[in-house]
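The chain contents come next:
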Amino acid sequence: MKSVVSSQTVNWTGENPYIWLYDESETEIITAASFFRVLYSRYGKGHVLFLRCDVQGDGFAAPEDLCVCLTDNRDLAHWLKEDIVSLYTGFRDRPEYATMLIIQAEHFQASGDPKEAWTESIRGGGLEIVLRWENPQEPFYAEIPPSRWPFVLVTVLIPARSAAVTISGMRVAGRVKAMDFHGRESTSCCLAFSETWLEAKGT
């Protein structure tokens, strides 16, 4: 096997687990959560949670429902919001995303064993948000070439068969959906560890 050392610029590296919870018909994402634990980027390290949540699953309407960002690094959050997450499923083309609040958070904690269950807890701005992944499938490595953005993505994904989002103790609506990930059996809720985004060559 030939060793590979790439000359591509490292955009960021860390973790980016996500939860997409669908309605009963499995056609509409009603809760989207994308969590970043960034160890290195041009804007430093930090934690960022992007959350768009139709709490009851009856149609997004503020102020009952949330579209917020919690972070301990605002520069990192602004960059991710404009350049990356705006293209993510669950946030793309949502009118409320443009006016998403960026809230300073003081608590980020991971716990659990990814072989069994994993929890990310975030607290800030009067909100306590818990993301939980359970009943994991086998992990797999993925290397994805550029598609909608000028990045090469490499990561290790652990799909969860069940997942939950709670806001200040209340569990929000939505269900996990079985999905295909570039030919691999997966789900709509995955732990994404050892994730690195490289600038695509020629960009």
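Residues numbered from 1 in each chain as written. Predicted model: local features only at pLDDT ≥ 70, side-chain atom pairs only at ≥ 80, totals over all residues. Heavy atoms only, no water.

Some thoughts on the overall build of the protein chain
Move 1: Helix and strand counts for the protein chain stand at 1 helix and 15 strands.
Move 2: Against the compact-globule benchmark of 17 Å for 203 residues, the protein chain has a radius of gyration of 16 Å, which places it among compact chains.
Move 3: Counting only C-alpha atoms, the protein chain reaches 50 × 35 × 30 Å along its principal axes.
Move 4: Residues classed as buried in the protein chain amount to 52% of the 203 residues present.
Move 5: Taking as baseline every contact in the protein chain between residues at least 6 positions apart, the subset at least 24 positions apart corresponds to 62%.
Move 6: Of the accessible surface of the protein chain, which amounts to about 10,200 Å², a share of 51% is contributed by carbon and sulfur atoms. (Helix = DSSP H or I, 4+ residues; strand = E, 2+ residues; numbered from the N terminus. Rg over C-alpha atoms; globule rule 2.2 N^0.38 Å. Buried < 20%, exposed > 50% of the residue type's maximum accessible area, 1.4 Å probe, protein only. Contact = heavy atoms within 4.5 Å. Areas by Shrake-Rupley, 256 points an atom, 1.4 Å probe, with all protein chains shown as cover.)

A closer look at the pattern of salt bridges
Move 1: One pass over the structure, following the stated rule, counts 9 salt bridges.
Move 2: For the salt bridge of R37 with E120, the shortest nitrogen-to-oxygen distance reads 2.8 Å. Linking R37 in strand β3 (residues 29–41) with E120 in strand β8 (residues 117–124), this pair joins segments that are 83 residues apart in sequence.
Move 3: On the basis of relative accessibility, which here comes to 0%, the residue E120 falls in the buried class. (Salt bridge = Lys/Arg side-chain N within 4 Å of Asp/Glu carboxyl O.)

Side note on the nonpolar core
Move 1: If you look at the biggest cluster of nonpolar residues, it comprises 34 residues, and the most contacted ones within it are F36, F50, L80, I84, V85, Y88 and F91.
Move 2: Every element with two or more residues in this core is listed here: β2 (18–22), β3, β4 (46–53), β5 (66–71), α1 (74–83), β10 (140–144), β11 (151–167) and β15 (189–199).
Move 3: When sequence neighbours within four positions are dropped, the list of residues in contact with F36 reads W12, E15, N16, G46, H47, V48, F50, L80, V85 and Y88.
Move 4: Residues V55, L70, I122 and A163 belong to the second largest nonpolar core, which totals 30 residues. (Core = buried A, V, L, I, M, F, W, Y, C linked by side-chain atoms within 4.5 Å.)

With respect to the packing of aromatic side chains
Move 1: In total, this model carries 14 aromatic pairs according to the counting rule given.
Move 2: Residue placement shows K81 over the ring face of Y97; its charged tip is 4.9 Å from the ring centre. (Phe/Tyr/Trp six-rings, centres within 6.5 Å; stacked < 30°, edge-to-face > 60°. Lys NZ or Arg CZ within 6 Å of the ring centre and 35° of its normal.)

Examining a nonpolar patch on the surface
Move 1: A cluster of nonpolar side chains, V10, L39 and Y40, forms an exposed patch at the surface whose accessible area comes to about 310 Å².
Move 2: Assignment of secondary structure puts V10 in strand β1 (residues 10–15). (Patch = residues over 30% accessible without salt bridge, like charges linked within 9 Å, V, L, I, M, F, W, Y side chains within 5 Å.)

A few points about unusual backbone geometry
Move 1: A positive phi is found at E26, a non-glycine position, where the angle reads about 60°.
Move 2: One non-glycine residue, S168, lies in positive phi territory at about 50°.
Move 3: Structurally, S168 can be placed in the loop between β11 and β12 (170–171).

Section: the pairing of β15
Move 1: Buried residues dominate β15, accounting for 10 of its 11 residues.
Move 2: Relative to β15, β1 runs antiparallel, the two being bridged by 4 bridges. By the bridge assignment, V10 is partnered in β15 with L198.
Move 3: Bridging between β2 and β15 involves 2 bridges; their strand directions are antiparallel. Paired with I19 across the strands is C189, a residue of β15.
Move 4: Here β11 pairs with β15 via 8 bridges, running antiparallel. (Pairing = 2+ DSSP bridges.)

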